[in-house]
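What follows is the residue order along each chain.
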Amino acid sequence: MMEGAGIRNGAPADREFVADLARQVFSTYGEYDRILPDCLDDPQFHTLVSELGDGPAGFCMLSIGDGVGEVVAVAVDPLQQSRGIGRQLMEAMVEDARELGIRVLVLKTATRNLCAQGLFRTIGFEETGRVAGYYSSGQAAIGMRMRL
Ligand SMILES: CC(C)(COP(=O)(O)OP(=O)(O)OC[C@H]1O[C@@H](n2cnc3c(N)ncnc32)[C@H](O)[C@@H]1OP(=O)(O)O)[C@@H](O)C(=O)NCCC(=O)NCCS
């Protein structure tokens, strides 16, 4: 883990950061830069932000259901990737999910996103199935699930 990194709850003031990072990393999948910022104002979502010394570097967003949580996004600034921030965000989100009473976490990620799948598998997620054409741009997704 990088020195100086810390995790805090997301807030409406993070709209621009979330939109900018979503534009950078999710634009090939759909308009997540338009969708995700609104989740910061919605109590059905819980967001964690990773802060480096000079500003936010990543976020993870959870949709809170009845006993089930869906990790709707995890993203790290491309300049800061592969340094442990994504793993730290996911581990912190798993802890928060437990405290929120969530028993099962689910997520979808692009079938071809092997980097993210590697992260999710080592956290404890298992594949549940594949969905052709899941993303608005047509890419297939795999579903993953983790019992807490
Ligand atoms: C997926 C993502 C969040 C991972 O964050 P990160 O900070 O780069 O990841 P970490 O450094 O914490 O690495 C976690 C794991 O990811 C995988 N990983 C990270 N970088 C990788 C790379 N360059 N190549 C292959 N696997 C890699 C490894 O399994 C790694 O495990 P390790 O800690 O045992 O090495 C980040 O790459 C990202 O924002 N990608 C674009 C958005 C995205 O695809 N999000 C996931 C779908 S919602």
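As a reminder, the structure under discussion sits directly above these lines.
Notes on the structure follow. (Residues numbered from 1 in each chain as written. Predicted model: local features only at pLDDT ≥ 70, side-chain atom pairs only at ≥ 80, totals over all residues.)

It is worth spelling out the environment of A19 at this point. On the secondary structure map, A19 appears in helix α1 (residues 15-26). Residues A19 and E95, spaced 76 residues apart in sequence, show a C-alpha to C-alpha distance of 25 Å. (Helix = DSSP H or I, 4+ residues; strand = E, 2+ residues; numbered from the N terminus.)

With that settled, consider the site of the ligand. Taken together, 19 residues lie near the ligand, and Q81, G86, R87, G118 and L119 sit nearest. Secondary-structure elements contributing two or more residues to the shell around the ligand are β4 (68-76), α3 (85-99) and α4 (114-123). Taken together, the residues that form the shell around the ligand break down as nine nonpolar, eight polar and two charged. (Near = placed C-beta within 6 Å. Nonpolar A, V, L, I, M, F, W, Y, C, P; charged D, E, K, R; others polar.)

Here we take up the environment of M144. Mapping M144 onto the fold places it in strand β7 (residues 141-147). Excluding residues that lie within four positions of it along the chain, M144 makes contacts with V106, L107, T109, F120, F125, E126, E127 and T128. (Contact = placed C-beta atoms within 7 Å.)

Turning next to the sheet that holds strand β5 (residues 104-110). Spatially, the seven strands line up as an open sheet ordered β1-β2-β3-β4-β5-β7-β6, and their pairing is mixed. In this open sheet, the two edge strands, each paired with only one partner strand, are β1 (6-9) and β6 (126-131). Along the sheet, successive strands turn relative to each other by an average axial angle of 25 degrees, direction set aside. Sheet analysis places β6 next to β7, joined by five bridges and oriented antiparallel. Note that in β7 the partner of V131 across the bridge is A141. (Pairing = 2+ DSSP bridges. Axes fitted to C-alpha atoms, helices over the stretch in contact; angles between N-to-C directions.)

All right, on to the environment of G124 then. Its location among the elements puts G124 in the loop between α4 and β6. Among the residues examined, G124 registers 15 C-beta atoms within 10 Å and is labelled partly exposed. Distance from G124 to S50, taken between C-alpha atoms, is 21 Å for residues 74 residues apart in sequence. (Buried ≥ 20, exposed ≤ 12 C-beta atoms within 10 Å, placed from the backbone.)

What follows deals with the nonpolar core. Of all hydrophobic cores here, the largest spans 32 residues; its most connected members are F59, C60, V71, V74, A75, L89 and M93. Looking at this core, the elements with two or more residues in it are α1, α2 (32-39), β2 (45-52), β3 (55-64), β4, α3, β5 and β7. Considering each element in turn, this core owes the most residues, six residues, to α3. Those residues in contact with V74, other than ones at most four positions away along the chain, are C60, G86, L89 and M90. (Core = buried A, V, L, I, M, F, W, Y, C linked by C-beta atoms within 7 Å.)

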